[in-house]
Structure formats: structure tokens, C-alpha cells
Amino acid sequence: MIRLSADRDACRGAGQCAFHAPDLFDQDEEEGLVVLLHDEPADDRLPSARRAVAACPNRAITLTAS
Ligand code: SF4
């Protein structure tokens, strides 16, 4: 199982994650910080999850195998 996590303390609200994977990430309305929508992305969502990880300027998103 691949798990997705997002560190809101590291997030600066740039929004690249929601741009690259809008089905996996959103941003809150107050500060624009990341909101993780699914922590166990389906296999067909992994490419967009990896694009979001690569695009995050603060390395706030991680994908880990469990
Ligand atoms: S791309 Fe990174 S810094 Fe930007 S909103 Fe998403 S988690 Fe936060």
C-alpha cells in the first residue's frame, strides 16, 4: 500500500499540489494550506501524486510504501 501524507507545518500554500492532483489535494480557505483528500491513493492516481510531490517547493508531501 502506498500512503500519501502532507505536512501542513511545512506547507507555504503555493498550491502546486492541488494544481497537479486536484483529486488528492485541496487548499483551506483561511491560509491556502494543503488539505489532503486521500491518504491511500488508488494506483491510477499515483502518477499525479508523484507530480505533486515533485512540484511542491517545500517538500511538504511524501509518498511512502507501507
Ligand atoms: S505544493 Fe506544497 S507548499 Fe504548495 S500547497 Fe501543496 S503542500 Fe503546500
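Identification of the chain as Ferredoxin from Thermomonospora umbrina is taken from an unreviewed UniProt entry. The UniProt entry for the chain carries the following text under Function (unreviewed entry): "Ferredoxins are iron-sulfur proteins that transfer electrons in a wide variety of metabolic reactions."

**Brief notes about the overall build of the chain**
Each helix and strand in the chain was counted, giving 2 helices and 4 strands. Counted from the first residue to the last, the chain has its helices and strands arranged as β-α-β-β-α-β. Here the C-alpha atoms of the chain give a radius of gyration of 11 Å, agreeing with the 11 Å that 2.2 N^0.38 yields for 66 residues. Dimensions of the chain along its principal axes, counting C-alpha atoms only, are 30 × 20 × 15 Å. Per-residue burial over the chain gives 30% buried out of 66 residues. In the chain, once contacts between residues fewer than 6 apart in sequence are set aside, the share between residues at least 24 apart is 56%.

**Notes on empty space enclosed by the protein**
Tallying each qualifying case throughout the model produces 1 cavity of 30 Å³ or more. Reported here for the largest cavity is a volume of approximately 100 Å³. If you trace the largest cavity, you find 15 residues lining it, with Cys11, Ala14, Gly15, Cys17 and Cys56 closest to the centre. Tallied by class, the residues present in the lining of the largest cavity amount to 8 nonpolar, 6 polar and 1 charged.

About the thresholds
- Starting from 1, residues in each chain are numbered consecutively following that chain's sequence as written.
- Local features in this predicted model are restricted to residues of pLDDT 70 or higher, and side-chain atom pairs are both shown and tallied only at a pLDDT of 80 or more, whereas totals for entire chains, interfaces and linings draw on every residue.
- Side-chain metrics in this entry use all non-hydrogen atoms of the structure; hydrogen atoms and water are not considered.
- UniProt positions are given in the numbering used here, feature names are shortened, and annotations may be inferred rather than shown by experiment.
- Segments assigned H or I by DSSP are reported as helices when at least four residues long, segments assigned E as strands when at least two residues long, and all are numbered from the N terminus.
- Computation of the radius of gyration draws on C-alpha atoms, with the globule rule given as 2.2 Å multiplied by the number of residues to the power 0.38.
- Buried means the residue's accessible area, taken with a 1.4 Å probe over protein chains only, is under 20% of the maximum for its type, while exposed means over 50%, and partly exposed covers the values in between.
- We call two residues contacting when some pair of their heavy atoms lies within 4.5 Å.
- In the cavity and pocket records, a cavity denotes points on a 1 Å grid over the protein atoms alone where a 1.4 Å probe fits but cannot get out, a pocket denotes an open set with protein on both sides within 12 Å along at least 5 of 7 lines, and lining residues are residues with an atom within 4 Å of a point.
- Grid points are joined across faces, edges and corners, and a volume is the space filled by probe spheres set on the points.
- When residues are grouped by polarity, Ala, Val, Leu, Ile, Met, Phe, Trp, Tyr, Cys and Pro land in nonpolar, Asp, Glu, Lys and Arg in charged, and all others, Gly among them, in polar.

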